[in-house]
Amino acid sequence: RNASSGRSSFGSWRYYIAPKDILTLDDIPKAWGFIEYCNSRFYLRRESDLFERSQIYEYQYVSELLVRSEFLHDRLFHSYDRKGLRKVKISNKL
């Protein structure tokens, strides 16, 4: 469980990522990891503790995203004829 909210959350690790000299280790909660970005590279400053996660909650969320993406895909790349009876494919190529 996420200690701050009292509810399960995504993933087993938590990290802050920031450009160099924006955050310090003192700014980051103790259980969280910290990664700095500098000169096109990432530097691990502190490992994250292992957090409890809810796989069921994660699967439900991902499933909903997939359903929404399918809906958006249909809206963006398909159209109906004037009578609304059949789908007409619209090319996404220029």
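Scoring rules and cut-offs
Residues numbered from 1 in each chain as written. Predicted model: local features only at pLDDT ≥ 70, side-chain atom pairs only at ≥ 80, totals over all residues. Heavy atoms only, no water. Helix = DSSP H or I, 4+ residues; strand = E, 2+ residues; numbered from the N terminus. Buried < 20%, exposed > 50% of the residue type's maximum accessible area, 1.4 Å probe, protein only. Pairing = 2+ DSSP bridges.

(A) How the structure looks around the environment of Ile56. Within the secondary structure layout, Ile56 lies in helix H1 (residues 55–77). Spatially, the C-alpha atom of Ile56 lies 10.0 Å from that of Phe10, the residues being 46 residues apart in sequence.

(B) Expanded view of the pairing of strand E2 (residues 33–38). Here E2 lies mainly inside the structure; 5 of its 6 residues are buried. Here strand E1 (residues 15–19) runs beside E2; their pairing, made up of 5 bridges, is parallel. By the bridge assignment for E2, Ala18 is matched with Glu36. Sheet topology places E2 next to strand E3 (residues 41–46); 5 bridges connect them, and they run antiparallel. From the neighbouring strand, Glu36 faces E3, where its bridge partner is Tyr43. Following E2, the chain reverses through 2 residues before pairing antiparallel with E3; Asn39 in that reversal takes a positive phi of roughly 55°.

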